[in-house]
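Overview (structure and organization)
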There are 4 protein chains.
Amino acid sequence: MFKFRLDAVSDAVFGIVLTLIVIEIKVPHLKDGFSEYGLQKGLIALLPLVGAYFLSVMLVVSYWYTHNFLFSLMSKTLNRGLMNLNFLFLSLISLVPFASALLGEYPQSKTAVIIYSTLIATIALSAAYIRNYIFDNPNIDNANRIELNMDEKDLIYGTVRLYIGLFGSLIAVAVSFWSTYASIILLIIQALILLIPGAVRLFSKFTRLDQIKLHPKWQEYTEVKQKVKSTKK
Amino acid sequence: MFKFRLDAVSDAVFGIVLTLIVIEIKVPHLKDGFSEYGLQKGLIALLPLVGAYFLSVMLVVSYWYTHNFLFSLMSKTLNRGLMNLNFLFLSLISLVPFASALLGEYPQSKTAVIIYSTLIATIALSAAYIRNYIFDNPNIDNANRIELNMDEKDLIYGTVRLYIGLFGSLIAVAVSFWSTYASIILLIIQALILLIPGAVRLFSKFTRLDQIKLHPKWQEYTEVKQKVKSTKK
Amino acid sequence: MFKFRLDAVSDAVFGIVLTLIVIEIKVPHLKDGFSEYGLQKGLIALLPLVGAYFLSVMLVVSYWYTHNFLFSLMSKTLNRGLMNLNFLFLSLISLVPFASALLGEYPQSKTAVIIYSTLIATIALSAAYIRNYIFDNPNIDNANRIELNMDEKDLIYGTVRLYIGLFGSLIAVAVSFWSTYASIILLIIQALILLIPGAVRLFSKFTRLDQIKLHPKWQEYTEVKQKVKSTKK
Amino acid sequence: MFKFRLDAVSDAVFGIVLTLIVIEIKVPHLKDGFSEYGLQKGLIALLPLVGAYFLSVMLVVSYWYTHNFLFSLMSKTLNRGLMNLNFLFLSLISLVPFASALLGEYPQSKTAVIIYSTLIATIALSAAYIRNYIFDNPNIDNANRIELNMDEKDLIYGTVRLYIGLFGSLIAVAVSFWSTYASIILLIIQALILLIPGAVRLFSKFTRLDQIKLHPKWQEYTEVKQKVKSTKK
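Reference entry: report on the structure contained in this document.

Right, let's talk about the overall build of chain A for a bit. Helices and strands together make up the secondary structure of chain A, namely 11 helices and zero strands. By its C-alpha atoms, chain A is 75 × 40 × 25 Å across when sized along the principal axes. Within chain A, the fraction of its 233 residues that count as buried is 59%. A separation threshold of at least 6 residues defines the contact pool for chain A, and within that pool the share at least 24 residues apart is 83%. Here chain A displays about 9,800 Å² of accessible surface, and carbon together with sulfur accounts for 67% of that area.

As structure tokens, this is what we get:
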């Protein structure tokens, strides 16, 4: 029951966040009376906000997939700690409409780009923490690799995904001191890699990140933990 | 699980969009102190926004039906690509409250009508693309005609539906150079045809569009594909 | 599936409406710098909006019960017409936050009271229409009295409920020409009768409305229709 | 069915409230043209609102747990009275975004702190009332202690939880006459105790509140009531 309602409230938050990002795009109010030209000028001034909207939607959607994987597939039971982490994650996602409006209104501002990128990095970091929590916590039943239909590589790709979100955003922070527009392009590339099916795999191969050695306990947990615990319950 | 949550987040988005269209209708603030006459004048100035609200609700609801058909009835499995398409579709739907406010505030503006109509055309185009994707993608199980309780004609009517959304909106763009009000009337007629039960059928017969020859693969897919794939899985 | 998603999108709309009514209550911005007195004065000016909020919540909740009864209990199947009526109903409910803000800002205004009351009357009217539609339409399976655990009187109380919403609001319109505050009190009384368990029953007895003779077809439908149709399907 | 939809509409409200608290954090509009320094100053001025956001999220989440416990676990049936209480509870939760914006904008104001704390106290009080209602009302089936996997102490901890919300907030009101910042710190401590797993237990032991004698009927109800009623139905 709790699990169902946690999904319900989370999907409500994601749905509202996706919609609220638009709310900051306000219809221009023309001071000097209506003219097609005046309206067009007002609308063109909104284009950065529209761009920020689509970037933010892509990033929020990519973390909806992550949320789905962590809370609906990987964890099979809940405890208060994991539910708190869920709400921490959602409270960061809820800040995206603000950060998106900030970036869309001041795309030339280092401050805006740094806040936006730092928020995305924090979301990625909290997702990584939640994944570790589910694996490490003895009170949380997690689905094993066979149930999730994943091979060993997929575990690595999942790790690379979170690295892309975390380090991609931190690099965007660093790059903003040189050019905020380069940072924004980096964020867009990051979003595309996270969304396009197979892109994380290609990226992992290209960067040799698929050669990472995962901590042995991860292998063990994903294979064995489930069996041990299913006998307990 | 994923399928259930995709529906949940989609319905949250539709519910919020339906409600947010109203939020742009702001209570008039009377500068010269309260008077019934002043308030009435302020409210009458809102009528175009109320009109745009009902037009937008009708169009959003008609695409809720389309979304329901494509994602809850026709596709029986999901992949990442189809989920991305779903969020692309939702991100366009989320722009309707903005476009509605724009149209309601500047119904005399070609720019506003063109933006509104182009958004609706893009939504229809993406729905058509999603339908093709579900039919063509070998990884997506789709319900066949018998399960959906559809006859051959219904397949054609579904195609006509998407044509009405796409070409109806493009014609509204063209007509706006002559009269924006004529465009708006066209959009209203389009919404009514899409909503009133049986109207698409009548429209198809009247315009002889029910004589369209669908590509043979469509026939084949809807009849056979299901069987082939059910043996694979 | 459709039925489940119709409930989902409807509950999203109700949830958002309940929450959005508050959004019109804006934190006062003090022009002359902060002072406790200034803030208190600003907050006291918001009290009518808070009052309108609670009145609107009560009315929206009472129509959530009606919606629940009509769509989740009484109708067992859906057709396109009934779904359209659902969205018509929801699009009226979505106007409540606007009407509430209008009433809260101008409680002394006949115009505001008339718009608010007319909206509530329209919602009641559309609910009555939906009830008739479910009973009368041969394509809609409706639960019979036994399934709904209702006796003959309950059918009458349901009718009285809709009368209270409809005529109560129309009387509030009429009374507003004498005093808008009397209208508001009438609306509050109406909301309380609709919400307090047993109040509709008492009201029916007191006003002798429980002596109404319902059209014979209603009796018949609620008892027999179900059986006839269950053999067809 | 009603129970499912009550959860759905409640989770929609919670999801929206969690998201709407952010909406009051507006991107600063720079009057004197853009400068990094000006934007940074504008953003720093928003920090109290961000603080109020996280405090409010913590409190709303802690009452989401309470709501979940009361409506999804403890009560097994619903009546109109309990549903009304649910909506009363939600209508108070819906006021949190307003109170949060007020506190974030005027953290130095006694009025703001008192309104915020009083709202939290009222939410706690209504939760306590709902708990009593579920226990006392003969028409509501409630889960017994064994089903809920609770021991006698847990019943006491649940009571302490509600005391913390109620008296913690009232103490914050009192303390605000000395220092509003002390009040805010008290509210943060309260939120942390309510959220951190095991904190309520520790707090109960530390304050000796775990020695409370509960009214004998509570013991009786939680153990016996269920059995008596399951034979009736």
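Residues and elements named next belong to chain B. It is the contact of helix α1 (residues 2-23) with helix α4 (residues 80-93), at a shortest axis distance of 10 Å, that shows an interaxial angle of 10°. Taken together, the axis directions place α1 and α4 in an arrangement best described as roughly parallel. Residues F2, L6, V9, S10, V13, F14 and V17 of α1 lie in contact with α4, whose contacting residues are M83, N86, F87, F89, L90 and I93. Across the contact of α1 with α4, the residue classes tally to 11 nonpolar, two polar and no charged.

At an RMSD of 0.0 Å, chain A and chain D line up after a rotation of 90° and a shift of 0.0 Å along the axis. What the superposition gives is, in effect, a four-fold axis relating one chain to the other. Ranked by how close their C-alpha atoms come to the rotation axis, the residues of chain A are headed by A:A12, at 4.0 Å.

Here we take up the layout of surface pockets. The computed volume of the largest pocket comes to approximately 1,800 Å³. A:K26, A:H29, B:K26, B:H29 and C:K26 are the residues nearest the centre of the largest pocket, which is lined by 48 residues in total. Taken together, the residues of the lining of the largest pocket break down into 24 nonpolar, 10 polar and 14 charged.

A separate point is the interface of chain C and chain D. Taken residue by residue, the interface counts 41 residues in chain C and 32 residues in chain D. For the pairing of chain C and chain D, the buried interface totals around 3,100 Å² over both sides, and the portion due to carbon and sulfur atoms is 71%. Across the chain C-chain D interface, the total number found is two salt bridges. With a closest N to O distance of 2.9 Å, D:R5 and C:D11 form a salt bridge.

Once that is clear, we can look at the relation of the copies chain C and chain D. It takes a turn of 90° to lay chain C on chain D, together with a shift of 0.0 Å along the axis; the resulting RMSD is 0.0 Å. Mapped onto chain D, only 12% of the interface residues of chain C are again interface residues, and the two copies thus contact each other with different surfaces.

As a further point, take the interface of chain A and chain D. Opposite the 32 residues of chain A that make contact, chain D presents 41 residues. Carbon and sulfur atoms make up 71% of the area that chain A and chain D hide from each other, which totals about 3,100 Å². The interface formed by chain A and chain D includes two salt bridges. Ionic pairing is found between D:D7 and A:R5, a salt bridge with its closest N-O pair at 3.6 Å. Our enumeration of links across chain A and chain D arrives at 13 residue pairs in polar contact (both at pLDDT 80 or more). Among the elements of the structure, α1 (2-23), α4 (80-93), α5 (96-105) and α6 (110-136) of chain A are those that each provide at least two residues to the side of chain A that touches chain D.

What follows covers the packing of aromatic side chains. Tallied over the full model, the rule gives 32 aromatic pairs over all chains. Ring centres of A:F4 and D:F4 lie 5.8 Å apart, and the angle between their planes is 40°; on these two criteria the pair is classed as tilted. With A:F4 in helix α1 and D:F4 in helix α1 (residues 2-23), the pair connects residues from two separate chains. A relative accessible area of 31% means that A:F4 is categorised as partly exposed. Members of the aromatic cluster, connected to one another through ring pairs, are A:F4, B:F4, C:F4 and D:F4.

In this section: the pattern of salt bridges. Considering all chains together, one arrives at eight salt bridges over all chains under this definition. Put simply, A:R5, D:D7 and D:D11 are held in one network by salt bridges that share partners.

Another point: the arrangement of the chains. These two, chain A and chain C, are apart from each other, with no contact and a minimum C-alpha gap of 8 Å. One thing to see here is that chain B and chain D don't touch, and their nearest C-alpha atoms sit 8 Å from each other.

This brings us to the packing of helix α3 (residues 47-74) of chain A against α4(A). Between two packed helices, what matters for the description is the angle formed by their axes and the separation of those axes. All names here are of chain A. Where α3 meets α4, the closest approach of the two axes is 12 Å, and the angle between their N-to-C directions is 175°. As judged from the angle between their axes, α3 and α4 are roughly antiparallel. Between α3 and α4, the contacting residues are V60, Y63, H67 and F71 on the first element and L82, N86, F89, L90 and I93 on the second. Across the contact of α3 with α4, the residue classes tally to seven nonpolar, two polar and no charged.

Rules used throughout
- Residues numbered from 1 in each chain as written.
- Chains lettered and ligands numbered in written order.
- Predicted model: local features only at pLDDT ≥ 70, side-chain atom pairs only at ≥ 80, totals over all residues.
- Heavy atoms only, no water.
- Helix = DSSP H or I, 4+ residues; strand = E, 2+ residues; numbered from the N terminus.
- Buried < 20%, exposed > 50% of the residue type's maximum accessible area, 1.4 Å probe, protein only.
- Contact = heavy atoms within 4.5 Å.
- Areas by Shrake-Rupley, 256 points an atom, 1.4 Å probe, with all protein chains shown as cover.
- Axes fitted to C-alpha atoms, helices over the stretch in contact; angles between N-to-C directions.
- Parallel < 35°, antiparallel > 145°, perpendicular 65-115°, else oblique.
- Nonpolar A, V, L, I, M, F, W, Y, C, P; charged D, E, K, R; others polar.
- Least-squares fit on C-alpha atoms with pLDDT ≥ 70 in both.
- 1 Å grid on protein atoms, 1.4 Å probe; cavity = no way out; pocket = protein on both sides within 12 Å on 5 of 7 lines; lining within 4 Å.
- Points joined across faces, edges and corners; volume = space filled by probe spheres on them.
- Buried area = accessible area lost by both parts, 1.4 Å probe.
- Salt bridge = Lys/Arg side-chain N within 4 Å of Asp/Glu carboxyl O.
- Polar contact = N/O pair within 3.5 Å; in protein donor to acceptor, adjacent residues only side chain to side chain.
- Phe/Tyr/Trp six-rings, centres within 6.5 Å; stacked < 30°, edge-to-face > 60°.

So far we have only geometry, and geometry alone does not tell us how the molecule works.
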